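So the chains spell out like this:
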Amino acid sequence: LVPETREATVGPGLVALTAKQLVQELEGGEPGVHRFQHIMVRDTAYDGILKRARAELHERFVAWADEANRDRGVEFEEILGYHLEQAWRYRSELGPLDERGRALGVDGARRLASAGRRAFARDDVPGAATLLRRATALLPEDEPTRVGLLAELGEALLVLGRYGEASEALGEAERHAALAPAAAARASLARLLLQLRRGD
């Protein structure tokens with residue numbers, strides 16, 4: 001993740017950090033792999049990085065992981081979605097999102113939603129609801145794919161018996177029906193099921 005201009009400093013830097021017992025080299029693994037000595041050291045180091053730099057590091061990690069795991073990308077969608085979510089969050093905290101920031105949100109939402117659908121398929125409905133909610137939060141209100149995610153989120157919340165939250169998600173999908181009519185129709189069908197479950 002280090003820029004090419006700084007690559008030469010990595011080795012000596014790790015030696016110095018190891019001598020200070022801030023990081024340690026992992027034994028029995030790949031040579032040169034280090035980890036923080038303690039989680040508090042890790043958190044302090046991370047908190048000391050500027051938000052813009054954190055966003056860039058999360059982005060670079062996703063680019064590296066996509067290249068390294070080209071054949072197994074689906075396995076890591078939740079993790080990579082998390083990193084894109086963090087990059088999006090830091091960028092949004094720094095000011096209005098530019099085109100790049102919005103693209104990070106769309107990519108992060110795509111990966112988190114895919115992981116959420118897989119969680120739903122294996123009957124991990126609480127996990128699915130969490131992932132779908134996070135995916136939805138990364139998209140602007142005028143994004144058509146958000147309507148479909150809201151419908152799926154509503155269905156997951158319905159299965160969990162969280163009827164109030166399900167009604168909110170489904171209602172929002174229905175309010176944006178002009179953006180994605182088919183997805184909004186799915187939300188309307190889910191609302192009928194919600195009314196049936198509630199005894200309405």
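Scroll up a little and you will see the structure.
Quick look at the structure, then. (Residues numbered from 1 in each chain as written. Predicted model: local features only at pLDDT ≥ 70, side-chain atom pairs only at ≥ 80, totals over all residues. Heavy atoms only, no water.)

What follows is about the overall build of the protein. On a plain count of helices and strands, the protein comes out with 9 helices and 2 strands. The order of helices and strands in the protein, counted from the N terminus, is α-β-β-α-α-α-α-α-α-α-α. C-alpha extents for the protein along the principal axes are approximately 70 × 35 × 35 Å. A total of 200 residues make up the protein; the buried ones form 34% of that total. Long-range pairs, those at least 24 residues apart, make up 51% of the contacts in the protein with a sequence separation of at least 6. Just so you have it, the protein exposes about 12,200 Å², and 56% of that area is on carbon and sulfur atoms. Across the protein, 28 positive and 32 negative side-chain charges occur, with their mean positions spaced 3 Å apart. (Helix = DSSP H or I, 4+ residues; strand = E, 2+ residues; numbered from the N terminus. Buried < 20%, exposed > 50% of the residue type's maximum accessible area, 1.4 Å probe, protein only. Contact = heavy atoms within 4.5 Å. Areas by Shrake-Rupley, 256 points an atom, 1.4 Å probe, with all protein chains shown as cover. Lys, Arg positive; Asp, Glu negative; His and termini not counted. Charge placed at Lys NZ, Arg CZ, Asp CG, Glu CD.)

So, on to the packing of aromatic side chains. The full count for this structure, using the stated rule, is 1 aromatic pair. Here the basic side chain of Arg54 rests over the ring of Tyr46, its NZ or CZ set 4.9 Å away from the ring centre. The ring of Tyr90 carries Arg89 above its face, with NZ or CZ at 4.7 Å from the centroid. (Phe/Tyr/Trp six-rings, centres within 6.5 Å; stacked < 30°, edge-to-face > 60°. Lys NZ or Arg CZ within 6 Å of the ring centre and 35° of its normal.)

Turning our attention to the nonpolar core. Among the nonpolar cores identified, the biggest contains 32 residues, and Leu132, Ala135, Val147, Leu149 and Leu153 are the most heavily contacted of them. For this core, the secondary structure elements donating two or more residues are α5 (99-121), α6 (125-137), α7 (144-159), α8 (163-175) and α9 (181-198). Among the elements that line this core, the one with the most residues is α7, at 8 residues. Apart from residues no more than four positions distant in its own chain, Leu149 is found in contact with Ala113, Arg117, Leu132, Ala135, Thr136 and Leu139. Within the second largest apolar cluster, 8 residues are counted, among which are Ala55, Val62, Leu80 and Leu84. (Core = buried A, V, L, I, M, F, W, Y, C linked by side-chain atoms within 4.5 Å.)

These results come straight from atomic positions and should not be treated as a statement about function.
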